[in-house]
Amino acid sequence: PISSYYMRNIENRIRRNWNPPKGDTSKRVVIYFKISKDGKLLSVSIAKSSGTPLADQAARAAVEQSAPFPPLPPEYRGSNIDIDFTFDYNVLGARYR
């Protein structure tokens, strides 16, 4: 398994690049992406759409703008890693269905 330190680093990097659109409903987007051993972004796709194209595009752009990522830790044996990253758009007073 990959270290929690590495995953926190990836999460912080993506969150800094995330510019969610303003809206009045809560949404969730899941982005699937693959990072190579040297940190290169190999692929990115929307695994679960929020139903709102602007929200989906903002989440995808956050991942793309965060690349390249740090190289995978030396103790990680694989040649790449697959990550499912969830973006939650929480609006005060709105209910997520």
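Residues numbered from 1 in each chain as written. Predicted model: local features only at pLDDT ≥ 70, side-chain atom pairs only at ≥ 80, totals over all residues. Heavy atoms only, no water.

Caption draft 1: Representation of the sheet that holds strand 1 (residues 27-36). The strand order 2-1-3 describes an open sheet built from 3 strands, whose pairing is antiparallel. Of all strands in the sheet, those bounded by a partner on one side alone are strand 2 (41-48) and strand 3 (80-89). Each adjacent strand pair in this sheet contributes to an overall mean axis angle of 20 degrees, direction not counted. Where strand 1 meets strand 3, 10 bridges bridge the pair, whose relative direction is antiparallel. If you follow Val-30 over to strand 3, its bridge partner there is Thr-86. Along the sheet, helix 1 (residues 4-16) makes contact with strand 1 and strand 3, crossing strand 3 at roughly 50 degrees. The strands touched by helix 2 (residues 53-66) are strand 1, strand 2 and strand 3; relative to strand 1, the strand with the most contacts, the crossing angle is about 25 degrees. (Pairing = 2+ DSSP bridges. Helix = DSSP H or I, 4+ residues; strand = E, 2+ residues; numbered from the N terminus. Axes fitted to C-alpha atoms, helices over the stretch in contact; angles between N-to-C directions. Contact = heavy atoms within 4.5 Å.)

Caption draft 2: Region of the structure containing the side chain of Ser-66. You can see Ser-66 is positioned in helix 2. Its relative accessible area of 3% is what places Ser-66 among the buried residues. There is a polar contact of 2.9 Å between the side chain of Ser-66 and the side chain of Asn-17. Separated by 2.6 Å, the side chain of Ser-66 and the backbone oxygen of Ala-62 make a polar contact. (Buried < 20%, exposed > 50% of the residue type's maximum accessible area, 1.4 Å probe, protein only. Polar contact = N/O pair within 3.5 Å; in protein donor to acceptor, adjacent residues only side chain to side chain.)

Caption draft 3: Quick peek at unusual backbone geometry. Of the consecutive residues Ala-67 and Pro-68, the connecting peptide bond is found in the cis state with omega at 0 degrees. Mapped onto the elements of the fold, Pro-68 is located in the loop between helix 2 and strand 3.

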